[in-house]
Amino acid sequence: MKCASLLAGFLTGAAIGAALGILFAPEKGEDTRSKINDVLRENGIKLGREDMENLVNKIAAKLKLDKAVERED
């Protein structure tokens, strides 16, 4: 059970890392969202359009917050 949890955490981290890498690529937002959705579906994670937009918005907000904190330091 512990191994499955570790594997799930690793796969989640890998998916988020891949999504962040794609987000920083110089492409249109629609193309980027489509690529992220494709990668997630390949890994068995299915998100609707609204869920995908919410995920992208959460990631973008987190990145903006992290940048703001770095600037304060």
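The preceding data block contains the structure.
Quick notes on the rules
Residues numbered from 1 in each chain as written. Predicted model: local features only at pLDDT ≥ 70, side-chain atom pairs only at ≥ 80, totals over all residues. Heavy atoms only, no water. Core = buried A, V, L, I, M, F, W, Y, C linked by side-chain atoms within 4.5 Å. Buried < 20%, exposed > 50% of the residue type's maximum accessible area, 1.4 Å probe, protein only. Helix = DSSP H or I, 4+ residues; strand = E, 2+ residues; numbered from the N terminus. Contact = heavy atoms within 4.5 Å. 1 Å grid on protein atoms, 1.4 Å probe; cavity = no way out; pocket = protein on both sides within 12 Å on 5 of 7 lines; lining within 4 Å. Points joined across faces, edges and corners; volume = space filled by probe spheres on them. Nonpolar A, V, L, I, M, F, W, Y, C, P; charged D, E, K, R; others polar. Axes fitted to C-alpha atoms, helices over the stretch in contact; angles between N-to-C directions. Parallel < 35°, antiparallel > 145°, perpendicular 65-115°, else oblique.

Trainee: Where do I start with the nonpolar core in this structure?
Mentor: Note that soluble globular proteins tend to have their nonpolar side chains buried in a common cluster. Core analysis: the largest hydrophobic core is formed by seven residues, namely A15, A19, I22, I36, L40, M52 and V56. For this core, the elements supplying multiple residues, two or more each, are α1 (2-23), α2 (29-42) and α3 (49-72). If you tally residues by element for this core, the top one is α1, at three residues. Aside from chain neighbours lying at most four places away, what touches M52 is R33, I36, N37, L40 and L47.

Trainee: Sorry, what's going on with the layout of surface pockets here?
Mentor: If a probe the size of a water molecule is rolled over the atoms, the empty space left behind becomes visible. Of the voids in this model, the largest pocket is the one considered here, and its volume is about 160 Å³. Looking at the largest pocket, the residues that line it are E30, R33, S34, N37, R49, M52 and E53. Put simply, the parts of the chain that give the lining of the largest pocket at least two residues each are α2 and α3. The dominant element in the lining of the largest pocket, judged by the number of residues it contributes, is α2, at four residues. Among the residues forming the lining of the largest pocket, the class breakdown is one nonpolar, two polar and four charged.

Trainee: Is there a simple way to explain the packing of α2 against α3 in this structure?
Mentor: Axes are the key here: two packed helices are described by the angle between their axes and the distance separating the axes. Where α2 contacts α3, the two axes come as close as 11 Å, and the packing angle between them is 105°. Considering the angle they form, α2 stands roughly perpendicular to α3. Two secondary-structure elements touch here, α2 through R33, I36, N37 and L40 and α3 through M52, E53, L55 and V56.

These figures come from the coordinates and say nothing about function on their own.
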